[in-house]
Amino acid sequence: MVILPKYHYELPWLAENHPEQVALYTCLSFSLITFTVVKTLLFSIYIISSRLSREIIVADLKRVVKADLASVLTFVSLIFLTPLPIYGAGASTTVVGNAYSLTFFNILFLKMLSGGISSTVLLAKRIKRPNRRDQVEVTSKD
């Protein structure tokens, strides 16, 4: 986990301020990430394999993809790249900046990421682009 930029910064900081919580935080973080990956994969496979009766017609697919990608990438960066901004003055207290508060935020971000990926898969399954023939207006009767 130290190869991920977020944990490369958080684990040494936690070891310096709360050495007894490093093993706990590492174990919880690894377990949460593993659980989220398995849950998201299983739910995505379920969505892909199930039959859906309604389709969503999207006129501007690029805009939808950009918004969806921005949402998913935000939570990926919060989980794996960006350390939480709780370091510095007052962060060595037992209330802020310990393994429990870091784990709480990781749970929150992982849940949001899992939901974002699952909704992306569902949207991709249900999306339908309008046909060019549907957009052309018929002006003469033959």
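Residues numbered from 1 in each chain as written. Predicted model: local features only at pLDDT ≥ 70, side-chain atom pairs only at ≥ 80, totals over all residues. Heavy atoms only, no water.

Moving on, we get to the confidence of the model for the protein chain. Per-residue pLDDT for the protein chain averages 79, and the proportion of residues at 70 or more is 81%. When pLDDT is averaged over each element of the protein chain, helix α2 (residues 22-49) comes out on top at 90 and helix α5 (residues 132-135) at the bottom at 49. Ignoring residues within four places in sequence, the model shows residues 134-138, a span with pLDDT below 50, making 1 contact including any to other chains. (pLDDT = per-residue confidence, 0-100. Helix = DSSP H or I, 4+ residues; strand = E, 2+ residues; numbered from the N terminus. Contact = heavy atoms within 4.5 Å.)

Moving on, we come to the packing of aromatic side chains. Under the counting rule described, the total for this entry stands at 5 aromatic pairs. Judged by centre distance (6.2 Å) and plane angle (25 degrees), the ring pair of Phe43 and Tyr46 falls under stacked. A residue pair is termed a helical-turn pair when its members lie 3 or 4 positions apart in one helix, as Phe43 and Tyr46 do in helix α2 at 3 residues. A relative accessible area of 53% places Tyr46 in the exposed class. Ring geometry for Phe104 and Phe105: centres 5.4 Å apart, planes at 70 degrees, overall edge-to-face. Given the relative accessible area of 31%, Phe105 is considered partly exposed. (Phe/Tyr/Trp six-rings, centres within 6.5 Å; stacked < 30°, edge-to-face > 60°. Buried < 20%, exposed > 50% of the residue type's maximum accessible area, 1.4 Å probe, protein only.)

To continue, consider the environment of Ile127. Mapped onto the secondary structure, Ile127 falls in strand β2 (residues 127-128). According to the relative accessible area criterion, Ile127 is partly exposed, its value standing at 22%. Separated by 69 residues in sequence, Ile127 and Val58 place their C-alpha atoms 6.7 Å apart.

All right, on to a nonpolar patch on the surface then. Taken together, the side chains of Phe104, Phe105, Leu108 and Met112 make up a nonpolar region of the molecular surface, amounting to roughly 370 Å² of accessible area. Here Leu108 lies in helix α4 (residues 99-126). (Patch = residues over 30% accessible without salt bridge, like charges linked within 9 Å, V, L, I, M, F, W, Y side chains within 5 Å. Areas by Shrake-Rupley, 256 points an atom, 1.4 Å probe, with all protein chains shown as cover. Salt bridge = Lys/Arg side-chain N within 4 Å of Asp/Glu carboxyl O.)

A word on the nonpolar core. Leu14 and Tyr25 are the most contacted members of the largest nonpolar core, which totals 16 residues. For this core, the secondary structure elements donating two or more residues are α1 (5-17), α2, α3 (61-81) and α4. Excluding residues within four positions of it along the chain, Tyr25 makes contact with Lys6, Tyr7, Glu10, Leu11, Leu14, Ala99, Leu102, Thr103 and Asn106. (Core = buried A, V, L, I, M, F, W, Y, C linked by side-chain atoms within 4.5 Å.)

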